[in-house]
Amino acid sequence: DLTPTSEPQPPEDRVNRIVFVNDDGQLVSLAPDGSQERVLTSAQQRFQFPAWSPDGRLVAAIGTDRTGAGVFVLDDSITGAAPLPLYTDRRNGPFYLYWSPDSRQVSFLASHPDGMGLHLVQADGSADSRLLTIGGPLYWQWTADSRQMLIHSGFTGEGSRLELIAADGDGMGDSLAAPGFFQAPGISADGRYLAYAEVTSGASSRLVVISAIDNLMKGA
């Protein structure tokens, strides 16, 4: 169940660094003033879309080579790494990733024969990646406790979904409303409110902001 929760606070010693892709397609991090440069990777892959974990200690990125595309997670304190992918696929490669707020999981989209696949993988590589749900397109936001995701799958009408799903579940949840034409739902930082687009009569859409508690009571 979705319950209000305070937004996770970063540790006091949070790392304050920038990560980017250099001309060789490798990941480099440095301090905001340009000092303390570290070349994090020396790999056959060319990397894209690096993203810091919320605690500022790990970097997730998509790497591509002749064998396919994969999701990689690297420790910013290690340089010159040739990391192993947490997920890789020659045909159904990943193209977007999004950290869980607790920095323990990476959620990512990969191609799928039926649209897009929303996958989860443990950042420490302790478990294989898992296909959570399928849709197209797919938009989602994590709850602050990293236990659930508010998703909008599809556009609107038949086959579209607007649901709150559990990260450790089967990828299905109770329908919140008939999805409208704006596909990116939102959760307030304190977990008290959900925001989404809902279709109305005449095929118009409206913005809805509801109390998470009221939603739980409605579903009880």
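Structure shown above.
For clarity, every value in this text was computed on a predicted model and none was experimentally measured.

Reading the values: rules and limits
Residues numbered from 1 in each chain as written. Predicted model: local features only at pLDDT ≥ 70, side-chain atom pairs only at ≥ 80, totals over all residues. Heavy atoms only, no water. Helix = DSSP H or I, 4+ residues; strand = E, 2+ residues; numbered from the N terminus. Rg over C-alpha atoms; globule rule 2.2 N^0.38 Å. Buried < 20%, exposed > 50% of the residue type's maximum accessible area, 1.4 Å probe, protein only. Contact = heavy atoms within 4.5 Å. Areas by Shrake-Rupley, 256 points an atom, 1.4 Å probe, with all protein chains shown as cover. Polar contact = N/O pair within 3.5 Å; in protein donor to acceptor, adjacent residues only side chain to side chain. Patch = residues over 30% accessible without salt bridge, like charges linked within 9 Å, V, L, I, M, F, W, Y side chains within 5 Å. Salt bridge = Lys/Arg side-chain N within 4 Å of Asp/Glu carboxyl O. Pairing = 2+ DSSP bridges. Phe/Tyr/Trp six-rings, centres within 6.5 Å; stacked < 30°, edge-to-face > 60°.

1. Concerning the overall build of the chain
Then step 1. When you go through the chain residue by residue, the secondary structure sums to 1 helix and 17 strands.
Then step 2. The C-alpha radius of gyration of the chain comes to 19 Å, within 12% of the 17 Å expected for a compact globule of 220 residues.
Then step 3. Each of the three principal axes of the chain carries a C-alpha extent, and together these read 55 × 40 × 30 Å.
Then step 4. Within the chain, the fraction of its 220 residues that count as buried is 43%.
Then step 5. When contacts within the chain are restricted to residue pairs at least 6 apart in sequence, those whose partners lie at least 24 apart make up 37%.
Then step 6. As displayed, the chain has an accessible area near 11500 Å², and 49% of this comes from carbon and sulfur atoms.

2. A few points about the side chain of His152
Then step 1. When you line up the elements, His152 lands in strand β13 (residues 148–153).
Then step 2. One polar contact links the side chain of His152 to the main-chain carbonyl oxygen of Gly154, over a distance of 3.5 Å.
Then step 3. Once residues lying within four places of it in the same chain are set aside, the contact partners of His152 are Pro137, Leu138, Tyr139, Arg161, Leu162, Pro179, Gly180, Phe182, Gln183 and Pro185.

3. A closer look at a nonpolar patch on the surface
Then step 1. A cluster of nonpolar residues, Tyr193, Leu207 and Val209, forms a patch on the protein surface that exposes about 350 Å² of accessible area.
Then step 2. Here Leu207 is to be found in strand β17 (residues 205–211).
Then step 3. For Leu207, a relative accessible area of 68% gives the class exposed.

4. Brief notes about the pairing of strand β12 (residues 138–142)
Then step 1. What you see with β12 is a clean split: Leu138, Trp140 and Trp142 sit on the buried side and Tyr139 and Gln141 on the side with no burial.
Then step 2. With 5 bridges connecting them, β12 and β13 associate as antiparallel partners. What sits directly across from Trp142, in β13, is Met149.

5. What to know about the packing of aromatic side chains
Then step 1. Counted by the stated rule, this structure contains 4 aromatic pairs.
Then step 2. Arranged with centres 4.9 Å apart and planes meeting at 50 degrees, the rings of Tyr87 and Phe108 form a pair that is tilted. Here Phe108 lies in strand β9 (residues 105–112) and Tyr87 lies in strand β7 (residues 87–89), a separation of 21 residues in the sequence. With respect to burial, Tyr87 and Phe108 carry one shared label: buried.
Then step 3. For the pair Tyr96 and Trp140, a centre-to-centre distance of 5.8 Å together with 85 degrees between the ring planes defines the contact as edge-to-face. Of this pair, Tyr96 sits in strand β8 (residues 94–99) while Trp140 is found in strand β12, placing the two residues 44 residues apart along the sequence.
Then step 4. For Tyr96, a relative accessible area of 43% translates into the label partly exposed.
Then step 5. Members of the aromatic cluster, connected to one another through ring pairs, are Tyr96, Tyr98 and Trp140.

6. A closer look at the sheet that holds strand β2 (residues 27–30)
Then step 1. Read across the open sheet, the 3 strands follow the order β1-β2-β3; overall the sheet is antiparallel. Lying at the two open borders of the sheet, with one neighbouring strand each, are β1 (18–21) and β3 (38–39).
Then step 2. Sheet topology places β2 next to β3; 2 bridges connect them, and they run antiparallel. For Val28, the partnering residue across the bridge sits in β3 and is Val39.

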